[in-house]
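One-letter residues, chain by chain:
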Amino acid sequence: MDDLYLRSGIFLAPFHNHDENPTLSIERDLELLEHLDRLNYHEAWIGEHHSGGFELIACPEMFIAAAAQRTRHIRLGTGVVSLPYHNPFMLADRMVQLDHMTRGRAMFGVGPGALVHDALKIGIDPGAQRKMMNEALEVIIPLLRGEIVNRKTDWFNLTDAQLQLRPYTPPTMELAVAAARSPAGSLAAGKYGIGMLSIGGTSPAAMERHTANWGLYEETARANGHVPDRKNWRIVGMFHIAETREQARRNVQFGVQPFADYFRDIATFPIIPPDVPDPYEWLVETGTGCIGTPDDAIAYIDRLISGSGGFGVICELAHNWADWDATKKHYELMARFVHPHFQKSRELLRGSYEYATSRHEEFTGQAGAAIQAEIDRHASRRAGEPKRTAAE
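Now for a description of the structure that goes with this document. Given the structure is predicted, the values throughout are model-derived calculations rather than measurements.

Remarks on the overall build of the protein
No. 1: What the protein contains, in helices and strands, is 14 helices and 11 strands.
No. 2: Here the protein has a C-alpha radius of gyration of 27 Å; the compact-globule value for 392 residues is 21 Å, and the former is much larger.
No. 3: Every one of the 392 residues in the protein was classed for burial, and the buried ones make up 50%.
No. 4: Within the protein, residue pairs in contact and separated by at least 24 positions form 72% of the contacts whose partners lie at least 6 positions apart.
No. 5: Of the accessible surface of the protein, which amounts to about 19,000 Å², a share of 54% is contributed by carbon and sulfur atoms.
No. 6: Where the 40 positive side-chain charges of the protein centre and where its 50 negative ones centre are 5 Å apart.

This is the structure in structure tokens:
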């Protein structure tokens, strides 16, 4: 997939240790999006969570509305809205409003909901969440198209439901479905021909699952009359880079252990096994994360592309392994040295430099000859002028 332009993004759950000031943590997330906007990141996906004490954003639409006022270019997606938690008509209506308020920068990412305790708090059976996600999508898609929908299930009842406002983005805003270990996400995304967000890590084993899910997506999309396009496939990976590997390792000591503890104690599955004495060593040795230099990040992404056959966006998980200054520096290094490698934005510059270098002697000779010729012409003109006397 050498011709595929790899876009850049982040997946902002977010993750903040519960010993910090939550007000300042949310403000820092907004500042992060401003930073990424200046660095020319293409997109950011914002999560929805309601318990667990680590992932603070309850309403990604509200966060996106605020972020849109503070940024100019970056696209902003719900990453993801948990469909079983919302009446699908009301949710579609809110997203259309957001599409208008962002002038088309909003993206609509959906999923079944990741935290079991979120679902239980509002009386939802975790075993029904994927069924509920599919039922919601079945009405959200036609609603966004402006159609009238009548549909009754055991958790919502739509009667002559039609949105009063069309999306700002014709025919509709970009949509994507989260897919991790279960095939439910890839089946839903393929059915409607919308994008797929592969979450759950980028270790070799995880990439095998993601690639299998993409194959299922392609098969389902074609069976439903859609043309699958890898540019609509986003893969979420874990990175932290610095000028040296040693500096990167020192940086992540700030927050990698609380991150590991959260996934061990709270989240659905542990990313880092509980018996691992050094999360840094495990993440690097297993290929689950990339902690190193810009060159290490390039090699890591090359592996993901090679193993998967290619995808459209590399989304970095915003994990807060490092402190704020080192985190900002990480994104700056990614934007300066890693993204251009995959976006081919430096090739013409290098070609121009190499062309000039290979002909340096020839060009300097021509320049020197032109200068000497002008000097000689001037001297010749002066020699031919009549001499002036002192009286003149």
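Read on for the rest.
As for the pattern of salt bridges
No. 1: Applying the stated rule across the entire model yields 20 salt bridges.
No. 2: Salt-bridge contacts for Glu-135 lead to Lys-131; the nearest nitrogen and oxygen are separated by 3.2 Å. A residue pair is termed a helical-turn pair when its members lie 3 or 4 positions apart in one helix, as Glu-135 and Lys-131 do in helix α5 (residues 129-144) at 4 residues.
No. 3: Lys-131 gets classed as partly exposed once you look at its relative accessible area, which sits at 37%.

So, the pairing of strand β2 (residues 43-46)
No. 1: Of the two faces of β2, the one lined by Glu-43 and Trp-45 and the one lined by Ala-44 and Ile-46 are each fully buried.
No. 2: The parallel pair strand β1 (residues 7-12) and β2 is bridged by helix α1 (residues 22-38), and the resulting crossover is right-handed.
No. 3: Taken together, the 4 bridges between β2 and strand β3 (residues 75-82) define a ladder with parallel strand orientation. In the sheet register, Glu-43 faces β3, and the bridge partner there is Arg-75.

A look at helix α2 (residues 60-70)
An α-helical turn contains 3.6 residues, so a residue and the one three or four places further along point in the same direction.
No. 1: For α2, the set of buried residues is Pro-60, Glu-61, Phe-63, Ile-64, Ala-65, Ala-67 and Ala-68.
No. 2: Against the buried residues of α2 lie β1, α1, β2, β3 and α3 (88-101).

Some points on unusual backbone geometry
No. 1: Of the consecutive residues Gly-79 and Val-80, the connecting peptide bond is found in the cis state with omega at 0 degrees.
No. 2: Mapping Val-80 onto the fold places it in strand β3.
No. 3: In the segment running from Pro-170 into Pro-171, the intervening peptide bond is cis, with an omega of -10 degrees.
No. 4: Structurally, Pro-171 can be placed in the loop between β6 (157-161) and β7 (175-179).
No. 5: A positive phi angle, close to 70 degrees, is found at Asn-40, a residue other than glycine.
No. 6: Positive phi is not limited to glycine here, since Lys-344 has a value of about 55 degrees.

Concerning the nonpolar core
Nonpolar side chains tend to gather and get buried jointly when the protein is soluble and globular.
No. 1: In this structure, Ile-10, Leu-33, Leu-83 and Phe-108 are the most contacted members of the largest nonpolar core, which totals 74 residues.
No. 2: Considering each element in turn, this core owes the most residues, 8 residues, to α5.
No. 3: Those residues within four positions of Phe-108 in sequence are excluded, and the remaining contacts are Trp-45, Thr-78, Leu-91, Met-95, Ile-140, Leu-144, Met-173, Glu-174, Leu-175 and Ala-176.
No. 4: Within the second largest apolar cluster, 32 residues are counted, among which are Leu-197, Ala-267, Ile-271 and Tyr-280.

Details of the packing of helix α11 (residues 294-308) against helix α12 (residues 324-343)
A pair of packed helices can be characterised by two numbers: the angle between their axes and the separation between those axes.
No. 1: Direction vectors running N to C along α11 and α12 enclose 40 degrees, while the axes themselves pass 10 Å from each other. With respect to each other, α11 and α12 are oriented oblique. Pair α11 / α12 crosses with right-handed handedness. Packed against α11, whose contacting residues are Pro-294, Ala-297, Ile-298, Ile-301, Asp-302 and Ile-305, the element α12 presents Leu-333, Met-334, Phe-337, Val-338, His-341 and Phe-342 at the interface.
No. 2: Residue composition of the contact of α11 with α12, by class: 10 nonpolar, 1 polar and 1 charged.

Examining α11
No. 1: With 15 residues, α11 extends 21 Å between its outermost C-alpha atoms, agreeing within 8% with the 21 Å of an ideal straight helix rising 1.5 Å per residue.
No. 2: Within the span of α11, buried status applies to Pro-294, Asp-296, Ala-297, Ile-298, Tyr-300, Ile-301, Leu-304 and Ser-308.
No. 3: Elements in contact with the buried residues of α11: α7 (204-223), β9 (233-241), α8 (245-252), β10 (289-292), β11 (313-317) and α12.
No. 4: Immediately downstream of α11, the backbone of Gly-309 shows phi near 90 degrees, a positive value.

Structural notes on the state of the cysteines
No. 1: Throughout the structure, instances matching the rule amount to 0 disulfides.
No. 2: The thiol of Cys-315 is not disulfide-bonded; the next cysteine sulfur, from Cys-290, is found 16 Å away.

Examining the pairing of β3
No. 1: The buried fraction of β3 is high, at 7 of 8 residues.
No. 2: Following the chain from β2 across α2 to the adjacent parallel β3, one finds a crossover that is right-handed.
No. 3: Here β3 runs beside strand β4 (residues 106-111); their pairing, made up of 5 bridges, is parallel. Bridge pairing links Thr-78 to Phe-108 in β4.

Some points on the packing of α7 against α11
No. 1: One way to put it is that α7 packs onto α11 with a least axis distance of 10 Å and a crossing angle of 40 degrees. As the angle between them shows, α7 and α11 are arranged oblique. Judged by the twist between their axes, the crossing of α7 over α11 is right-handed. Taking contact as the criterion, the partners of Pro-204, Met-207 and Thr-211 in α7 are, on α11, Arg-303, Leu-304, Gly-307 and Ser-308.
No. 2: When the residues that make up the contact of α7 with α11 are grouped by side-chain class, the tally is 3 nonpolar, 3 polar and 1 charged.

The rules behind the values
For every chain, the first residue of the written sequence is number 1, and numbering continues from 1 along that sequence. Thresholds applied to this predicted model are a pLDDT of at least 70 for local features of residues and 80 or more for the giving and counting of side-chain atom pairs; totals over whole chains, interfaces and linings are not thresholded and use all residues. With hydrogens and water stripped out, all remaining heavy atoms of the structure feed into the side-chain values. Here a helix means four or more residues in a row that DSSP labels H or I, a strand means two or more in a row labelled E, and each is numbered from the N terminus. Only C-alpha atoms enter the radius of gyration, while the globule expectation follows 2.2 Å times N to the 0.38, with N the number of residues. Any residue under 20% of the maximum accessible area for its type is buried, any over 50% is exposed, and the rest in between are partly exposed; the area is computed with a 1.4 Å probe on protein chains only. It only takes one pair of heavy atoms within 4.5 Å for two residues to be counted as in contact. Areas reported as accessible are Shrake-Rupley estimates using a 1.4 Å probe. Residue values count occlusion only from the protein chains shown. Positive charges come from Lys and Arg alone, negative charges from Asp and Glu alone, with His and the N- and C-terminal ends not counted. To locate a charge, take atom NZ for lysine, CZ for arginine, CG for aspartate or CD for glutamate. Here, a salt bridge means any Lys or Arg side-chain nitrogen found within 4 Å of an Asp or Glu carboxyl oxygen. Handedness of a crossover is defined as follows: orient the strands so they point away from the viewer, and if the path from the first strand over the helix to the second runs clockwise, the crossover is right-handed. Between any two strands, at least two bridges found by DSSP are needed for them to pair. We call a set of buried Ala, Val, Leu, Ile, Met, Phe, Trp, Tyr and Cys residues a nonpolar core when their side-chain atoms join them within 4.5 Å. Axes here refer to lines fitted to C-alpha atoms; in helices the fit is confined to the stretch in contact. Angles between the N-to-C directions go from 0 to 180 degrees. Angles are sorted into four bins: roughly parallel if under 35 degrees, roughly antiparallel if over 145, roughly perpendicular if 65 to 115, and oblique for all others. For any pair of crossing helices, the crossing counts as left-handed if the nearer helix is rotated counterclockwise from the farther one by less than a right angle, and right-handed if it is rotated clockwise. Gly is placed with the polar residues, together with every amino acid not listed as nonpolar (Ala, Val, Leu, Ile, Met, Phe, Trp, Tyr, Cys and Pro) or charged (Asp, Glu, Lys and Arg). Multiplying one less than the number of residues by 1.5 Å gives the expected span of a helix. For this text, the term disulfide refers to a pair of cysteine sulfurs within 2.5 Å.

All quantities given are derived from atomic positions and should not be read as evidence of function.
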